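A look at the structure
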Amino acid sequence: QVQLEESGGGLVQAGGSLRLSCVASGRTISEYVMAWFRQAPGKVREFVGYIGRGDRSPYYPDSVKGRFTISRDNAQNTVYLQIDNLKFEDTAAYFCAADAEGYLPTIAAQYDYWGQGTQVTVSS
């Protein structure tokens, strides 16, 4: 099993940037597809990107493409989510997730392991 812990959230003004971290323990993240999701109050959990195993490029939905960047540091067993030009609608709890299989990586139900989440609040 792998345990995930997110950090880096906070209160930020619109237009600012944040870098979220997801530190894994128990197993090495190189074995997993790693994704980020977010969930705002009263809304379903939303996929915001994933990074595959090896050297595959990250994938983002159109809704965040150009502002969100996912990277992984296998030596540190950490995945990052850089969010630039923050918007009010980015306000949500952000979760990282790990999946050993890698099928349908945009679907939350496919992921076996989740962190507790870190809150991002954007002020206008």
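Structure shown above.
On a predicted model such as this, the values are computed, not experimentally measured, just so you know. (Residues numbered from 1 in each chain as written. Predicted model: local features only at pLDDT ≥ 70, side-chain atom pairs only at ≥ 80, totals over all residues. Heavy atoms only, no water.)

**A closer look at the sheet that holds strand β7 (residues 78-83)**
How we decide: Strand pairing is defined by DSSP finding a minimum of two bridges between the two strands. What counts as a helix is a DSSP run of H or I of at least four residues, what counts as a strand is a run of E of at least two, and both are numbered from the N terminus. Here the axes come from fitting lines to C-alpha atoms, over the contacting stretch only for helices, and the angles between their N-to-C directions go from 0 to 180 degrees.
Taken in spatial order, the four strands line up as β1-β3-β7-β6 in an open sheet, and their pairing is antiparallel. A strand with exactly one partner marks an edge of an open sheet, and here the two such strands are β1 (3-7) and β6 (68-73). Strand-to-strand, the axes of this sheet are offset by a mean angle of 20°, without reference to chain direction. Pairing of β6 with β7, which is carried by six bridges, proceeds in the antiparallel orientation. The residue bridging Thr69 from the neighbouring strand is Gln82, located in β7.

**Concerning the pairing of strand β8 (residues 92-99)**
To be explicit about the condition: Type-normalised accessible area, obtained with a 1.4 Å probe on protein chains alone, sets the label of each residue: buried when under 20%, exposed when over 50%, and partly exposed for intermediate values.
Counting buried residues in β8 gives eight out of eight residues, a clear majority hidden from the surface. As defined by bridge partners, strand β4 (residues 33-39) adjoins β8 across seven bridges and the pair is classed as antiparallel. Each bridged residue has a counterpart across the sheet, and for Phe37 the counterpart in β8 is Phe95. Here β8 pairs with strand β10 (residues 118-123) via three bridges, running antiparallel. Along β10, the bridge assignment pairs Tyr94 with Thr118. For β8 and strand β9 (residues 113-114), the ladder comprises two bridges, and the chain directions are antiparallel. Looking at the pairing, Ala97 lines up with Trp114 of β9.

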